[in-house]
Amino acid sequence: MGRIVGLTGDEATAEAMRQINPDVVAAYPITPQTETVQRFSEFVADGIVATEMVRVESEHSAMSACVGAAAAGARAMTATSANGLALMWEICYIAASYRLPVIMAVVNRALSGPINIHCDHSDSMGARDAGWIQIYSENCQEAYDNLIQAVRIAEEEKVRLPVMVTFDGFIISHAMERVEILEDDEVSQFIGKYKNAYSLLDVDSPVTYGPLDLYDYYFEHKRQQIEAIEISPEVIQKIGREFKDLSGRYYDLMGNCHLEGAELVIVAAGSTAGTVKSVVDELREKGEKVGLLKIRTFRPFPAKQIAEVLRGVRAVAVLDRSVSFGAQGGPIFLEIRSALFDEIKPPAVVNYIYGLGGRDIGVDEIKRVYKNLERIAHTKKVDELVGYLGLRE
Amino acid sequence: MPSLKVLSRKKELLTGGHRLCAGCGASIIVRQVLMAAEDPVVMSSATGCLEVATTIYPFTAWRIPWIHCAFENSASTLSGVEAAYRSLKRQGKIDRTIKFIAFGGDGGTYDIGLQALSGVLERGHNLLYICYDNQAYMNTGIQRSSATPEGAATTTSPVGKAIPEGKQRPRKDLTRIVAAHDSPYVAQANPAYYNDLIKKVQKALSTEGPTFINILSPCPRGWRHDPSLSIQIAKLAVLTGVWPLYEVEKGQYRVTYRPKKRHPLREWLESQGRFRHLLRPENKGIMERLGKQVEEKEKSLLALAGEETSA
């Protein structure tokens, strides 16, 4: 049985990292991730982790060192935000294509410019095609739980892909919440030992990592990467069930709330899902048929499962905390709408961009979204496909 | 140091059949370096000629564990490998002694990879970084780098009517920049002086901490010379004072080889097509300036080494 403590998201992440006890952590400080790195540095300084910590001179080197460490058979972790993730960009793709199970906490922050240190999802959404598994967390507890599960998911033999676990900058990273922490030995038993069958340190059977791969093989290698991420949902679910046996907390590909019999549904990722949940509870008490679909794994995107749970729903509003400039809507909206395309009677789907650069979103705005959904369901007419919440216009 | 005869009996760790050009300095340097290593080596390479020519999938010329990640991060990638080694060794998960060597060309070291290299030096990783310096971006087709010497013609510093001299700026002195990091062992070497090179590699590998060797690497394509002359031209770089051989051990500079009489710079410039335009009468001034630069550099090196300047 674990213990209950008060932790911020950054601290919960550092705590998970302490219990995972990675062989190598290579990290660079950036707001709002900084406290994760600080706290973990204290664990290293006190000698309570076996980790070799590489205090790199940039995020580019952080991810490069993680690639080197994972290829050398070490369990490697890092954490970053926004511009830090952007600086890693090139190497994120390489980590995935080398099939290295690097684990990274991404504390969501608006990507410059103009420079802004507060939350939105432009950083991780921008990295959605890098080949990483992406898991979004609603609160400190989920950030902690997801990070521990991420180790197993990444290292599963048939998956072997890097995983990023995201949570909202400041809103979660700096907010103290009640977190249930597992025992150290429970975590180490759950994650097991990492064995890289192709370690660079196995000098008796030398391997070559990162050869030039031209038109005669590159495509097949990319297909294998696709296969790996396509297999991952069942692995994520299996590990979610095992994690429930251990902790009592169950994680699926998405988090559902009052979807049974729901006619009006909001889709959201990150801390906003929590805000929506409280509105759903309130409106449900009044007998309104509202629900929430919470995005957990954005990559892989569970399109089939989402289409199933939304069957029979009359109107859906997708909340996106990032923009895909020039696209038909935010990144989550595009996925959801596409997932519903083959439905015989798809619900009306609208998109709301919100919370850019840390702009707050409150229950009143969410109530207004449900009101709009009600009107859309009633009139069967969508006036505005993409709207903006909390924006001065 | 074992004799060359003994060393040459060692198993080649870079096999033949790779696609480097005839006369390329890189493979000669790699073979000399690996000859010098007594313990097993794990190597990283930056994107560049050495990487693309030795590893076109599904082939590899490497008989040692080898990783290429990207262009600017040979140093930081290997620092992760080395950190993994230290961690796993401390935890009792491995017991072998392994040495780590990062390779990068001048583009990947002087330019785009300088920050990653500087970070590795400051953090004190136990690895040897070798720059094979062929003085331009050769893999992409001979573009100027900050290692390109003043006066050299490259595809991005071509000789033109308005700019008759080619590259207008002197090269960056990377070896001294590395030495300024107070690394325990820093050296400059040349494949034409293989005894000196091998000795330096052995010294570096037996030194605790981050070590660095800058090795001049002839490139027949980029320097415009006959491939059969690579080693002779490399030698000229030392004889003319363009590429002095020295080491910096715990801050102490020492010239490891000094020609009895420095050859005129003209011999170096005449040996390669990239300098051909400098021999024209209108570029006489540049020639003189370059000659002065070599003298100045030699003077300052000898001063650092506490040696007398020859007349």
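The rules we used
Residues numbered from 1 in each chain as written. Chains lettered and ligands numbered in written order. Predicted model: local features only at pLDDT ≥ 70, side-chain atom pairs only at ≥ 80, totals over all residues. Helix = DSSP H or I, 4+ residues; strand = E, 2+ residues; numbered from the N terminus. Rg over C-alpha atoms; globule rule 2.2 N^0.38 Å. Buried ≥ 20, exposed ≤ 12 C-beta atoms within 10 Å, placed from the backbone. Contact = placed C-beta atoms within 7 Å. Nonpolar A, V, L, I, M, F, W, Y, C, P; charged D, E, K, R; others polar. Pairing = 2+ DSSP bridges. Axes fitted to C-alpha atoms, helices over the stretch in contact; angles between N-to-C directions. Domains from an automatic or database assignment. Right-handed = clockwise from strand over helix to strand, strands pointing away. Parallel < 35°, antiparallel > 145°, perpendicular 65-115°, else oblique. Left-handed = near helix turned anticlockwise from the far one by under 90°.

Draft legend 1. Looking closely at the overall build of chain B. What chain B contains, in helices and strands, is 12 helices and eight strands. A compact globule built from 311 residues should have a C-alpha radius of gyration of about 19 Å, and chain B, at 19 Å, falls within 12% of that. Principal-axis analysis of the C-alpha atoms places the extent of chain B at approximately 65 × 45 × 40 Å. Across the 311 residues of chain B, 52% fall into the buried class.

Draft legend 2. Quick peek at the interface of chain B and chain A. Contacts between the two partners involve 41 residues from chain B and, on the opposite side, 40 residues from chain A. For the side of chain B that touches chain A, the elements supplying multiple residues, two or more each, are helix H3 (49-54), strand S2 (66-68), helix H4 (74-90) and helix H6 (114-123) of chain B. In terms of residue count, H4(B) provides more of the side of chain B that touches chain A than any other element does, 13 residues in total. By residue class, the composition of the side of chain B that touches chain A is 22 nonpolar, 13 polar and six charged.

Draft legend 3. Structural detail: the sheet that holds strand S3 (residues 52-55) of chain A. All names here are of chain A. As summarised here, the arrangement of the seven strands in space is S3-S2-S4-S5-S7-S6-S13, forming an open sheet in which the pairing is mixed. Single-partner strands in this sheet number two, and they are S3 and strand S13 (297-299). Between one strand and the next, the sheet's axes are offset by a mean angle of 20°, whatever the strand orientation. Two elements, strand S4 (residues 76-80) and strand S5 (residues 103-108), share four bridges in a ladder whose sense is parallel. Looking across to S5, one finds that Met77 is bridged to Ile103.

Draft legend 4. How the structure looks around the domain arrangement of chain A. Residues and elements named next belong to chain A. Split into domains, chain A comes out as domain 1 (3-247) and domain 2 (254-388). Put simply, the middle of domain 1 and the middle of domain 2, counted by C-alpha atoms, are 28 Å apart. At the level of secondary structure, the elements contributing two or more residues to the side of domain 1 that touches domain 2 comprise helix H5 (122-126), strand S6 (133-136), strand S7 (163-168) and helix H8 (218-247). The element best represented in the side of domain 1 that touches domain 2 is H8, accounting for five residues. Partitioned by chemical class, the residues of the side of domain 1 that touches domain 2 number 14 nonpolar, eight polar and five charged.

Draft legend 5. The pairing of strand S14 (residues 315-320) of chain A, seen in detail. Residues and elements named next belong to chain A. Among the six residues that make up S14, six are buried, leaving the element largely enclosed by the rest of the structure. Residues Ala315, Ala317 and Leu319 of S14 are buried on one face, and the alternating residues Val316, Val318 and Asp320, pointing to the opposite face, are buried as well. Sheet topology places strand S11 (residues 264-269) next to S14; four bridges connect them, and they run parallel. Bridging from a neighbouring strand, Ile266 pairs with Ala317 of S14. The pairing of S14 with strand S15 (residues 348-353) spans six bridges and is classified as parallel. The residue bridging Ala315 from the neighbouring strand is Ala348, located in S15. With respect to chirality, the unit in which S14 leads through helix H11 (residues 331-339) into the neighbouring parallel S15 is right-handed.

Draft legend 6. The arrangement of the packing of helix H3 (residues 59-71) of chain A against H4(B) in detail. Where H3(A) contacts H4(B), the two axes come as close as 6 Å, and the packing angle between them is 45°. Put simply, H3(A) runs oblique to H4(B). At the point where H3(A) passes H4(B), the crossing takes the right-handed sense. Of the residues in H4(B), those in contact with A:Ser61, A:Ser64, A:Ala65, A:Cys66, A:Val67, A:Gly68, A:Ala69 and A:Ala71 of H3(A) are B:Ser76, B:Thr77, B:Leu78, B:Ser79, B:Gly80, B:Val81, B:Ala83 and B:Ala84.

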